[in-house]
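Residue-level listing of the chains:
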Amino acid sequence: MNEAFVPAFLNSFFISLGVLLGGSIIGGLAAFFTGQAPMTTVFRLSDSLRIWAIVAAIGGTFDMVYNFERGIFHGETKDIVKQVLLILSALGGAQTGALIINWFTQEHISP
């Protein structure tokens, strides 16, 4: 799938953000139904889901590895730069989601 770079960059950011926010909030809802502390669960899930949000956002490791291979062995450095930027976009989305969850739950504030 050959997608333009800017839409792929934005998709990577927002997919990562959505996976983190959605997974954490739905997990907090499940914690509420099972009698656990929902805000603490949401905060803990946001830390656990970061790597999965990034993996979901980049779309698959085999395509990424193929693009790195093409960049290294075929001299197409533009593909390496694009993949690094897509990974950074996914990292940014996951970090933004984690910050939103931190602000929402206020778990970082000590009594």
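Residues numbered from 1 in each chain as written. Predicted model: local features only at pLDDT ≥ 70, side-chain atom pairs only at ≥ 80, totals over all residues. Heavy atoms only, no water.

**Some words on the overall build of the chain**
Scanning the chain from N- to C-terminus turns up five helices and zero strands. What you see in the chain, going N to C, is helices and strands ordered as α-α-α-α-α. Within the chain, the fraction of its 111 residues that count as buried is 28%. (Helix = DSSP H or I, 4+ residues; strand = E, 2+ residues; numbered from the N terminus. Buried < 20%, exposed > 50% of the residue type's maximum accessible area, 1.4 Å probe, protein only.)

**Digging into helix α1 (residues 5–33)**
Given a rise of 1.5 Å per residue, 29 residues ought to cover 42 Å, and the 42 Å separating the end C-alpha atoms of α1 matches this to within 8%. Within α1 the residues assigned to the buried category are A8, S12, S16, L17, L20, S24, G27, G28 and A31. Of the surrounding secondary structure, the elements contacted by the buried residues of α1 are α2 (38–48), α3 (50–58) and α5 (77–105). (Expected span 1.5 Å × (residues − 1). Contact = heavy atoms within 4.5 Å.)

**Some details on the UniProt feature "transmembrane region" (unreviewed entry) in the chain**
The feature "transmembrane region" (unreviewed entry), as annotated in UniProt, sits at residues 12–37, 49–68 and 80–104 in this numbering. With 85% helix and 0% strand, residues 12–37 has its two end C-alpha atoms placed 31 Å apart. The span residues 80–104 is 100% helix and 0% strand, and its two end C-alpha atoms sit 36 Å from each other. (UniProt positions renumbered as here; feature names shortened; annotations may be inferred.)

**A word on the pattern of salt bridges**
Pairing between side chains becomes possible if they bear opposite charge and their charged atoms approach one another. Within this structure, the stated rule accounts for one salt bridge. In this structure, R50 and D47 form a salt bridge, with 3.6 Å as the shortest nitrogen-oxygen distance. (Salt bridge = Lys/Arg side-chain N within 4 Å of Asp/Glu carboxyl O.)

**Digging into α3**
In an α-helix there are 3.6 residues to a turn, and that puts residues three or four apart on one side. Every buried residue belonging to α3 is among A53, I54 and A57, and all of these are buried. Each buried residue of α3 lies within a common arc of 100 degrees when the element is viewed along its axis, so the set occupies one face. Looking at the buried side of α3, the elements it contacts are α1 and α5. Trailing α3 by a residue or two, G59 shows a phi angle of about 85 degrees, which is positive. (Arc of directions from axis to C-beta.)

**Regarding the side chain of S12**
Along the chain, the position of S12 falls in helix α1. Not counting residues within four places of it along the chain, the set of residues in contact with S12 comprises A57, L86, S89 and A90.

**Some details on the packing of α2 against α3**
In the contact formed by α2 and α3, the axes pass within 4 Å of each other and the chain directions differ by 50 degrees. Compared by their axis directions, α2 and α3 come out oblique. On α3, the residues touching S46, D47 and S48 of α2 are R50, I51 and W52. Class assignment of the residues belonging to the contact of α2 with α3 gives a composition of two nonpolar, two polar and two charged. (Axes fitted to C-alpha atoms, helices over the stretch in contact; angles between N-to-C directions. Parallel < 35°, antiparallel > 145°, perpendicular 65-115°, else oblique. Nonpolar A, V, L, I, M, F, W, Y, C, P; charged D, E, K, R; others polar.)

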